[in-house]
Amino acid sequence: MEQPTTRTASTLGATLCGIASLPITVTAELTRGLPSLSLVGLPPAAERETRTRMRAGLDTLAAMPLGHAIRVECAPMDAPKPGQGLDLAIVAAVALAAMDVPAQLIRSGWLLLAEVSYTGGLNPVWGIYAHGLAALARTDVRGVVVCFSDAERLAELAFRGL
């Protein structure tokens, strides 16, 4: 059976806009062809850093797609995006597309919030309380995936009944 020429996957991330958490949909599209990477919707400085961290995360997962053009879009386009808080959502979207996971098997509603380090580990993000409170208010978010130290902070919110 021949694989499709284009594979896509979407995940949910978030970025801070002032003190508010703004949801960002990350869509990765892999197309057979010359290897390339295009990040759409990130400012130039964030794009350069995200490329390096994304490669580290994909290497850690052993999910680096070879022989594909990778296009990642972070929407909405006009939202301010510093970049690092979207790392986990970007890596997950590319990995899911590379593994050709059918869309109906991807459990939606998970907010992915972590910076991927240059070694492939996860680091905390700015504004985790704002992101946690916003996730609680949204009906389409089932849970939040964060690094360990951010999980401790979110547990404090839950303990306090917020």
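Being a predicted model, the structure only gives us computed values, none of them experimental.

Engineer: Just checking my understanding: could you explain the nonpolar core for this structure?
Structural biologist: Judged by nonpolar contacts, the single largest core of 28 residues is most densely connected at V26, M54, V72, C74, I90 and V94. Every element with two or more residues in this core is listed here: β2 (20-32), β3 (36-40), α1 (44-61), β4 (68-75) and α2 (87-98). Ranked by the residues each element gives to this core, the list is headed by α2, at ten residues. Residues in contact with V26, not counting those within four places in the same chain, are A9, S10, T11, V72, E73, C74, A89, I90 and A93. Residues L12, L113, V125 and V146 belong to the second largest nonpolar core, which totals eleven residues.

Engineer: Even after reading the chapter, I still don't get the packing of α1 against α2, so can you show me in this structure?
Structural biologist: It is the contact of α1 with α2, at a shortest axis distance of 9 Å, that shows an interaxial angle of 55 degrees. Judged by the inter-axis angle, α1 sits oblique to α2. Crossing of α1 over α2 shows right-handed handedness. Across the interface between the two elements, T50, R53, M54, G57, L58 and L61 from α1 touch D87, I90, V91, V94 and A95 from α2. In terms of residue class, the contact of α1 with α2 is made up of seven nonpolar, two polar and two charged.

Engineer: Which parts of the structure should I look at to understand the side chain of S21?
Structural biologist: With respect to the helices, strands and loops of the structure, S21 is situated in strand β2. In terms of polar contacts, S21 uses its side chain to reach the side chain of H131, at 2.6 Å. When residues no more than four places from it in sequence are discounted, the contact partners of S21 are A14, T15, L16, A130, H131 and A134.

Engineer: What exactly am I supposed to notice about unusual backbone geometry here?
Structural biologist: Excluding glycine, residues mostly carry a negative phi; peptide bonds, for their part, are mostly trans. Between A75 and P76 the backbone carries a cis peptide bond, its omega angle lying at 10 degrees. Structurally, the position occupied by P76 is in the loop between β4 and α2.

Engineer: I would appreciate a short explanation of the pattern of salt bridges in the present structure.
Structural biologist: Side chains that differ in sign of charge can pair as their charged atoms come close. Applying the stated criterion across every chain yields a total of five salt bridges. Here R53 makes a salt bridge to E49, at a shortest N to O gap of 3.2 Å. Here R53 and its partner E49 are both found in helix α1, four residues apart, which amounts to about one turn of the helix. In this structure, R71 engages E73 in a salt bridge whose closest nitrogen and oxygen atoms are separated by 3.0 Å.

Rules used in this analysis
- Residues numbered from 1 in each chain as written.
- Predicted model: local features only at pLDDT ≥ 70, side-chain atom pairs only at ≥ 80, totals over all residues.
- Heavy atoms only, no water.
- Core = buried A, V, L, I, M, F, W, Y, C linked by side-chain atoms within 4.5 Å.
- Buried < 20%, exposed > 50% of the residue type's maximum accessible area, 1.4 Å probe, protein only.
- Helix = DSSP H or I, 4+ residues; strand = E, 2+ residues; numbered from the N terminus.
- Contact = heavy atoms within 4.5 Å.
- Axes fitted to C-alpha atoms, helices over the stretch in contact; angles between N-to-C directions.
- Parallel < 35°, antiparallel > 145°, perpendicular 65-115°, else oblique.
- Left-handed = near helix turned anticlockwise from the far one by under 90°.
- Nonpolar A, V, L, I, M, F, W, Y, C, P; charged D, E, K, R; others polar.
- Polar contact = N/O pair within 3.5 Å; in protein donor to acceptor, adjacent residues only side chain to side chain.
- Salt bridge = Lys/Arg side-chain N within 4 Å of Asp/Glu carboxyl O.

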